[in-house]
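# Survey of secondary and tertiary structure
Given next are the chains, with one letter for each unit.
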Amino acid sequence: MLIMQQKHSAQDTIDYFHDSLTQDEYYSEGHTVAGEWGGKLAARLGLSGNVQAADFESIARNRQPDGQKLTVRDGHNRITSVDFNFNVPKSISLARLITGDRSIDTCMEQALEKTMELVEYHTQTRVRKGQHANSETTRTTGNLLWSKFLHKTSRPVEGVVDPNLHYQCIVINSTNDPIENQTKAVNFRNLKSNAPYYQATFHNHLATALREQGYHIEKTEKFYDLAGVDRETIEKFSNRSKQIEQAAREKGITSAVAKAKLGAITREKKIDVPNWQRLLDEWKDRLTPAELQQLANLKDDTNKQEYLSADEALTYALEHRLERRSTDRLLMIQAEALKAGIGNISTDSVNEETLRGRANLIIKEMDNELHLTTREIREREQEAMHNVKSGIRTQTPVAPNWQPDKSSELSEEQAAAVSTLLASRDFVNTFTGVAGGGKTRSLKTVYDECLKRGKKMIALAPTAGASRGVLRADGFEGATTLAAFLHNVKLQQQAKNQIILLDEAGLCGIEDMHR
């Protein structure tokens, strides 16, 4: 995955260069990692080829190689750089480091360059002059300055180092504004929000290049791997992942972003490794002869893999991303398509498919970004809005004069919400509240008051856990899922002229809500 980490001072960036970027995840005499400059701004500053420590330190201190200021602002508490960390699947690391296939290096480098070109293409800076002095207005600059470092191992776990190919691309907080002709700070906000797209782009370019080298790609539950590498083999070299997953379970962490942050704080110190060859020998010793043979014959894998076309991948992405939202950022839909068509489609083919021959797509710019929806979804929204508006003041209120009794545990705000719902004459009512704000207690009061007055409330939720689990435990008898309700004619008949409570409505699919 792609992990992005900010550095908040020049010294932090410089220390990172000497302690991490130029060193692999272990210490070995004479072994260093050479970095390479990249980006249009690097060329503008005369920086090319291998990264020299003196040049890097000058740039980190906001100085050009000739000593002049790089950006106008020179504060101490500023983001100096952002580390873009691209990891590859373990099977690719094993194929490269165990078999010695250097063509994989070329595939990775090409994938990184194409991805960083896109990052650079999307780069923006804030505009703070004239009428935009105090605004959040941005301008696309299309240039960046970065240095890339290829690392081959993971951090040790109890003294054990595993193969783990990953690129660390340190992006300096500088971009040249072509209109103002000044080098200014990067607006990293949009780049960070685009991270899923850059991640999908990198891996799709990599997978496609590997296929051209004779490897086969297979989709997995998490993403993809090289076909022919058994899960058991991969697990032998996944000690760092197991360590992070264990720490995540102990802390109740489930999101990928949070796990990535957890990885940064659970790293063990680097260890001394006598030399690279001994490390390679140790890795090979973990493998059985059959596993070694398996890795050597990956290009001979005869299992036929199925790949989606750009059309099929985009169709899947639209269905998946727009299932529970009426619109989405175009880049996020394209990222989903790239993941679905891994190894067989490109960013260009997805762009072409998005814009060609799909009359049902509506693409509009909002907040300097392209957003997408479909004509069918817009029609569903319009129908929903019509139903809501036409149902205003058409119903008989359940309890127009309701007041909480003296024993009520409701707060003043909760009681007011309950009173509003019970007195409502509208066909559709929405009830929102922050976590821990007493929403369930308030709704249970509405539920009880409806029963007292002969009104039945059918309680529904998107998932079985939320309906048959949480709602029933909170006293909403017979609570079930929305899907079950939509497929149960008898239950629908029971709901006629009664009240339907749909909890967590925002998690429901658009088509289900329409029905």
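Reading the values: rules and limits
- Residues numbered from 1 in each chain as written.
- Predicted model: local features only at pLDDT ≥ 70, side-chain atom pairs only at ≥ 80, totals over all residues.
- Heavy atoms only, no water.
- Helix = DSSP H or I, 4+ residues; strand = E, 2+ residues; numbered from the N terminus.
- Buried < 20%, exposed > 50% of the residue type's maximum accessible area, 1.4 Å probe, protein only.
- Contact = heavy atoms within 4.5 Å.
- Areas by Shrake-Rupley, 256 points an atom, 1.4 Å probe, with all protein chains shown as cover.
- Polar contact = N/O pair within 3.5 Å; in protein donor to acceptor, adjacent residues only side chain to side chain.
- Salt bridge = Lys/Arg side-chain N within 4 Å of Asp/Glu carboxyl O.
- Patch = residues over 30% accessible without salt bridge, like charges linked within 9 Å, V, L, I, M, F, W, Y side chains within 5 Å.
- Arc of directions from axis to C-beta.
- Phe/Tyr/Trp six-rings, centres within 6.5 Å; stacked < 30°, edge-to-face > 60°.
- Core = buried A, V, L, I, M, F, W, Y, C linked by side-chain atoms within 4.5 Å.

### Regarding the overall build of the chain
Along the chain, the regular secondary structure elements total 22 helices and 17 strands. Evaluated residue by residue, the chain yields a buried proportion of 46% over its 515 residues. Considering only contacts in the chain between residues 6 or more positions apart, those separated by 24 or more positions represent 69%. Within the structure as shown, the chain displays about 27,200 Å² of accessible surface, and the carbon and sulfur contribution to it stands at 47%.

### Side note on the side chain of Asn204
With respect to the helices and strands, Asn204 occurs in helix α7 (residues 195-212). Looking at Asn204, the relative accessible area reads 2%, which means it is buried. Only 2.6 Å separates the side chain of Asn204 from the backbone oxygen of Leu338, close enough to count as a polar contact. In contact with Asn204, other than residues within four places in its own chain, are Leu338, Gly341, Ile342, Gly343, Asn344, Ile345 and Ser346.

### A word on the environment of Ala479
As for its position among the elements, Ala479 is in the loop between α19 (464-473) and β16 (480-481). Take Ala479: its relative accessible area is 0%, and that puts it in the buried class. Beyond its immediate sequence surroundings of up to four residues, Ala479 is in contact with Ala459, Ser467, Arg468, Leu471 and Arg472.

### A short note on the pattern of salt bridges
Under the counting rule described, the total for this entry stands at 23 salt bridges. The closest approach of N and O atoms between Asp101 and Lys299, which form a salt bridge, is 3.5 Å. With Asp101 in the loop between α4 (90-99) and α5 (103-121) and Lys299 in the loop between α12 (289-296) and α13 (310-321), this pair connects stretches of sequence that are 198 residues apart. Its relative accessible area of 36% is what places Lys299 among the partly exposed residues. When the shortest N-O distance is used, the salt bridge between Lys439 and Asp503 registers 3.2 Å. Here Lys439 is found in helix α18 (residues 439-452), whereas its partner Asp503 is found in the loop between β17 (499-502) and α22 (510-514), with 64 residues between them in sequence. Judged by relative accessible area, Asp503 falls into the buried class, the value being 12%. Among the ionic contacts, a cluster of salt bridges with common partners joins Arg139, Asp177, Glu180 and Lys184.

### Considering a nonpolar patch on the surface
On the surface, a nonpolar cluster with roughly 290 Å² of combined accessible area is contributed by Leu355, Ile363 and Leu370. Tracing the backbone through its elements, the reader meets Leu355 in helix α15 (residues 347-355).

### Considering helix α3 (residues 53-60)
Taken residue by residue, α3 has Phe56, Ile59 and Ala60 as its buried positions. One side of α3 carries all its buried residues, which in axial view fall inside an arc of 100°. At the exit of α3 stands Asn62, carrying a positive phi of roughly 65°.

### Side note on the packing of aromatic side chains
A ring pair, where both rings are aromatic, is described by two values, the distance of the centres and the angle of the planes. Using the criterion set out here, one finds eight aromatic pairs in the structure. Look at Phe17 and Phe149: their rings are 6.1 Å apart centre to centre, the planes differ by 75°, and that puts the pair in the edge-to-face class. Placement of the pair is Phe17 in helix α1 (residues 10-21) and Phe149 in strand β6 (residues 146-153), with a sequence separation of 132 residues. For Phe17, a relative accessible area of 4% corresponds to the buried category.

### Focus: the nonpolar core
Ranked by internal contacts, the top residues of the largest apolar core, which has 74 residues, are Phe84, Leu206 and Leu226. For this core, the element with the most residues is α7, which contributes nine residues. Among residues more than four places away in sequence, those in contact with Leu206 are Val88, Ile92, Cys107, Met108, Ala111 and Tyr224. Core analysis: the second largest hydrophobic core is formed by 19 residues, Ala399, Trp402, Val446 and Ala466 among them.

### Focus: the environment of Asn143
With respect to the helices and strands, Asn143 occurs in the loop between β5 (138-140) and β6. Through-space distance from the C-alpha of Asn143 to that of Val186 is 9.7 Å; in sequence the pair is 43 residues apart. The contacts of Asn143, once residues within four sequence positions are left out, are Lys40, Leu41, Glu120, Thr123, Thr175 and Asn176. A polar contact of 3.1 Å, which involves the side chain of Asn143, links it to the backbone oxygen of Thr141. Among the polar contacts made by the side chain of Asn143, one reaches the main-chain amide nitrogen of Asn176 at a distance of 2.7 Å.

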